[in-house]
Structure formats: structure tokens, C-alpha cells
Amino acid sequence: MIDPRLHEALDGERDPAELPADLRESYARLTGAVQLLEGTPPVSVATRVMAEVRQIPARVHADNPARRLGRWLSRPRAVTVRLRPVWTLALAAGLAAILLLPSGPENGGAPPPGDRQGVARFVGHFPGARSVEVVGSFNDWSRGTLHLRDDNHDGIWDGDAVLPAGQHEYMFVVDGERWVADPLAGRYVDDGFGAGQENALLIVRPAVLPPSPAAQP
Amino acid sequence: MTNPPAGGSLSVVTDGTPSDVEVVARVLGGDGEAFGILIRRYEPGLLRFATRMLGNSDAAADAVAESLVRAYRHLAQCRDPVRLRSWLYRITGNRCRSHLARRHTNDVSLSDVPPPALADGSDTWAVLERGEQVALVERALAALPEEKREAFVLKHVEGMSYEEMSAVTGARIPTLKMRVHRAREALLAALEAFV
């Protein structure tokens, strides 16, 4: 058991010069050991890593700007309408119905899935959220491609996406900053980055024509 | 142990070079070559950390290379680029743990290497050559349990705060403090036994 004063000195909370002689010796031994460990190995993996990185398609991160713009323009937008005067209710409901018409391939009203594709429905309960979107292995964990909707303002956010059949990992991003593993997913996998965090797991089965929701998280 | 951290816990760069956040944005925007900036910035510390964890520089180089490629592939998944350093150390720590878990029996770790022989009557730390001192300290470090070794290296060799260590390891701060304390005690006892 080390004298607490030595720990305090090692944590920078006490002047080592104030330590008794025996503790000063221990302090010097430990700090000397650390100095010996501070040497940087004389190797580099930079060339090897960059060679491997260059083999990875750029689309892992980047998308064609024109395509992104087109997708942004065609994407349904969630609109928050504050209804104060009661007489605006009908007008606002009509406006919201027009603005939220599903039109993109990644929301409700998705086109029929092709071969080896299925439709995944994402549902989450996030009362008070301003936005909820889904990021996952199917969209390279990129935000801005799959937004959920809460048409009824009841905190239930949902949306559909046509995805390749197979296994996908995903997370919800709430209000653009809070990453949440789908509490209803039922299946989870370690996110691979340690620290015990998990991604939700989704298995998409090929749809059978006529198209029908074939997968649930 | 007042060594400065090998890099700030936050991506604040004031010497005119782009911050981590800026570099991450460039890479995510399609400029893959910009990832080289991050490699140059963090490679030395990651290699040092992995070497101390694995006790083998070749295995450490593999772990760091795999971690950096993995980081590149999943950069969009980095939830807080301001704390990129913690994220990279977390990935590397995870790779090291995986490596240790599946370490082949014919791997030779530093803890298996016999300590350097001391000449008769020369059993004092001061007379050891620097190389012998390094070997002794590495051996003492390698003898620590994995979690305590990690905590000690992150705290004292990489100069991290307990908050950043918590972000790297996922462990709570009181737990980390306890691991560092235990590691200090074990390391001190081992060093005193060697010399």
C-alpha cells in the first residue's frame, strides 16, 4: 500500500519536494520508469495505412455533390407547426399533409424493392424530439439520408427504407446530436470501438412480390 | 510524472495546422489524402500506447495500422470529432485487447523475457545501462494485469486526464483512479524487487 501522499504527488496535487525522503525516492523511481517508457517506437505505419486507405472507394465518405443536392431537394421535410389560434388547425393540417407527402426512396412510400432487397420499417418513441434520423452500415453512417417522421406529433417517429437483404447495424440520431441504439431492436452488436457501446442490429429479408414490409428491426 | 500529454484531449490546434474537426470534415468531404494529417498527428502516441500494451513492437504496428484503417472507414461514425484523439485511442485499445485475447502461445511477451543479469555487487538502479533499465521497466509493466497496465500507460505515459481516460476505456473515473493506484503499487514493488 503506497502512502496517499505519494499518489497525490504523482497526480500533481502535492509538491514532491514536500515528501519525506523515502517517498521522494519512490517518487523518483516511478517517474524515472515513466520517462523510460515515453520513448516512441522508431517505426511508422503511415505508408501502409495510406496505401490501404487509397484502395477504399471514396464513396465510403463522399457522395456526388449533385446527387446529394438532388436528394436534399427531393427529401420530405419535417415541419414543426405551432398551432395557437384554433382556426389555423385545418389550414396547418392541410399544409403539413402536402409538405410531408412521401416522395423519396428512403421514406414511407418507398419504391418496390428489387431483387435481393427488402423494406425496413424504423419506429422509435422520442417524445419532444425535433428530429430523428437513422444512420447505419447501409448508408455509411452518414446523416441526412434517412429521416423519420412524426406526423401525429405523438412522439412516435417512423419511416421506411429499401435496403439490401442481409444484416445491417444502425443507430437513431435524435435532434442531430444524440446517438441512441434502438431500444426495441431486440438484437445488438458491439460497435467495435470498445467502451461497451452497442449498435442495434437489423436483418432485412428479400421482399416477396407484391412488395410488403418484410423486415422489422 | 508531470510529462505533458502527447496531444491535447480536445482538437485545439493553434500553430496554423488544421484542427481535427477541419481534417475530419475534409476527409468526409472526399479528400482521403487529408487522413495523412491525422496519421502524422497521432501515430507516435498510438504506437507507443500499443507497444506498451502488447509488449511487442511488430504486433503494436499491426494493431495501430488496423485501427487507423478502421477509423478511416468509420470516420463518419465518430460522434464527436473534437475528441478524435480519445476515439482513436479507444479503437486502438480495443484492437490491443482483441490481440491479447487471441495471442498465440508462441508469441513471446516481455513478461516472458528474463530480466537482464546483474553483475555481482552491482544491484543498484544507477549502474544499469539505459537499455537494461528500459528492459526492467517494460518487464515490470508487462507483468501488470491488462486493465491496470492500460490505466497506467494512459495516465502517465500518454498524459491523459481521468476524464479522457474514461472516454477511451469506458470505465468510470473512480475505477480508473483505483487501477492507476494499484498499478503504481505493483510497479513500484516490482522495480524494487528487480534492483
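These figures come from a predicted structure and were not determined experimentally.

Of regular secondary structure, chain B possesses eight helices and zero strands. In chain B, the succession of helices and strands from N to C terminus is α-α-α-α-α-α-α-α. Taken across its 195 residues, chain B has 44% of its residues classed as buried.

Next up on the list: the interface of chain B and chain A. With 50 residues of chain B at the contact, the number on the chain A side is 40 residues. Listing elements by their share of the side of chain B that touches chain A, those giving two or more residues are α1 (20–28), α2 (35–54), α3 (57–73), α4 (84–101), α5 (130–142), α6 (146–157) and α8 (173–194) of chain B. By residue number, the principal contributor to the side of chain B that touches chain A is α2 of chain B, which donates 10 residues. A breakdown of the residues in the side of chain B that touches chain A according to their chemical character gives 24 nonpolar, 17 polar and nine charged.

All names here are of chain A. With respect to the element layout, F122 can be found in strand β1 (residues 117–125). Using a count of 25 C-beta atoms within 10 Å as the deciding quantity, one classes F122 as buried. For the pair F122 and L148, spaced 26 residues apart in sequence, the C-alpha to C-alpha distance is 7.7 Å.

On to helix α2 (residues 21–37) of chain A, then. For an α-helix, the turn length of 3.6 residues means that residues three or four places apart are oriented alike. Residue and element names in this part refer to chain A. Relative to the 24 Å expected for 17 residues at 1.5 Å per residue, α2 spans 25 Å between its end C-alpha atoms, a close match to the ideal helical length. Along α2, the residues classified as buried are S26, Y27, L30, A33 and V34. Considered in projection along α2, the buried side chains sweep an arc of 130 degrees and stay on one side of the axis. The exposed set on the far side of α2, more than 90 degrees from its buried face, consists of A21 and E25.

Criteria and cut-off values
Residues numbered from 1 in each chain as written. Chains lettered and ligands numbered in written order. Predicted model: local features only at pLDDT ≥ 70, side-chain atom pairs only at ≥ 80, totals over all residues. Helix = DSSP H or I, 4+ residues; strand = E, 2+ residues; numbered from the N terminus. Buried ≥ 20, exposed ≤ 12 C-beta atoms within 10 Å, placed from the backbone. Contact = placed C-beta atoms within 7 Å. Nonpolar A, V, L, I, M, F, W, Y, C, P; charged D, E, K, R; others polar. Expected span 1.5 Å × (residues − 1). Arc of directions from axis to C-beta.

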